[in-house]
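Analysis of the macromolecular model
Here is how the chains run, residue by residue.
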Amino acid sequence: MDVRCDKCRIMFSARLYEEEKQIGNEVITQTYMQCPVCASKFPVCYDTPETFALKKKIKKMSHAIGACETVKARQRMMKRLQKKRQMLNEKMEQAKQRYCGERENEDERNNKPE
């Protein structure tokens, strides 16, 4: 899949990269695309061990929906799946805030006059 860089406007083939960062006692993984011309990074998602586990559960539940024998069972499963997806989105947003917040704190420490 090709994407266009927001900064330099060149088209490039999308390739995902990962960068891990230790924040406190937690490792947060940033998944991103990077323009090969101007090196601009485009974040895709932020994950923790908890969000990776949730993604696995969501995938498993999505496959299990097809095996539900009744409409009622399928509806219950869809409702549970929707809650898990909402929880995943919240956890990923929290990870993003911690990841980006830590980066800002790091920048402030590095630019602080001594």
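It should be noted that the structure appears before, not after, this text.
All figures in this text were calculated on a predicted structure; none of them were measured in a lab. Each chain has its residues counted from 1, running along the sequence as written. The predicted origin of the model limits local features to residues at a pLDDT of at least 70 and limits the giving and counting of side-chain atom pairs to 80 or more, whereas totals for whole chains, interfaces and linings rest on all residues. Side-chain numbers come from the whole structure's heavy atoms, not from hydrogens or water.

1. Looking at the pairing of strand β4 (residues 26–34)
Quick reminder of the rule: What makes two strands pair is DSSP finding at least two bridges between them. Where helices and strands are cited, they refer to DSSP runs of H or I of at least four residues and of E of at least two residues respectively, numbered from the N terminus.
Where strand β3 (residues 16–23) lies against β4, 8 bridges are found, and the strand directions are antiparallel. The residue bridging E18 from the neighbouring strand is T31, located in β4. The hairpin turn running from β3 into β4, its antiparallel successor, is 2 residues long, and G24 in that turn takes a positive phi close to 65 degrees. Where β4 lies against strand β5 (residues 41–47), 6 bridges are found, and the strand directions are antiparallel. When the bridges of β5 are listed, Q30 appears paired with Y46. The antiparallel pairing of β4 with β5 creates a hairpin that spans 6 residues between the two strands, and A39 there sits at a positive phi of about 65 degrees.

2. A word on the sheet that holds β5
We apply this condition: Comment: axis = line fitted to C-alpha atoms, over the contacting stretch for helices; angle = value between 0 and 180 degrees taken between N-to-C directions. The contact rule is simple, with two residues in contact once any of their heavy atoms fall within 4.5 Å.
Spatially, 3 strands are ordered β3-β4-β5 in an open sheet, and the strand pairing comes out antiparallel. Only two strands of the sheet have a single partner each, and these edge strands are β3 and β5. Within this sheet the neighbouring strands show an average axis-to-axis angle of 30 degrees, counted without direction. Contacts between helix α1 (residues 49–65) and the sheet are confined to β4 and β5, with β5 contributing the most and set at about 80 degrees to the helix.

3. Looking at the state of the cysteines
The test is simple: In plain terms, two cysteine sulfur atoms within 2.5 Å form what is called a disulfide here.
All chains considered together, the criterion is met by 0 disulfides. Lacking any disulfide linkage, C8 is separated from the closest cysteine sulfur, that of C35, by 3.6 Å.

4. Remarks on the side chain of T51
To keep it simple, the criterion reads: Type-normalised accessible area, obtained with a 1.4 Å probe on protein chains alone, sets the label of each residue: buried when under 20%, exposed when over 50%, and partly exposed for intermediate values. Here a polar contact means two N or O atoms within 3.5 Å. Within protein one must be a hydrogen donor candidate and the other an acceptor candidate, and residues neighboring in sequence count only if both atoms are side-chain atoms.
Tracing the backbone through its elements, the reader meets T51 in helix α1. Take T51: its relative accessible area is 0%, and that puts it in the buried class. A polar atom in the side chain of T51 sits 2.7 Å from the backbone nitrogen of T48. Non-local contacts of T51, meaning those with residues more than four positions away in its chain, are made with Y46, L88, K91 and M92.

5. Section: the side chain of T48
Locating T48 in the fold gives a position in the loop between β5 and α1. What T48 contacts, discounting residues up to four positions off in sequence, is E26, V27, I28, A95 and R98.

6. So, the packing of aromatic side chains
As a reminder of what qualifies: Any two of the Phe, Tyr and Trp rings considered here, Trp counted by its six-membered ring, make a pair once their centres fall within 6.5 Å; the pair's planes then place it as stacked at under 30 degrees, edge-to-face at over 60, or tilted in between.
The final tally for this structure, using the stated rule, is 2 aromatic pairs. For the pair Y17 and Y32, a centre-to-centre distance of 5.7 Å together with 25 degrees between the ring planes defines the contact as stacked. Of this pair, Y17 sits in strand β3 while Y32 sits in strand β4, and the two are 15 residues apart along the sequence. The exposure class assigned to Y17 is partly exposed, which follows from its relative accessible area of 28%. Note on Y32: relative accessible area 7%, which makes it buried.

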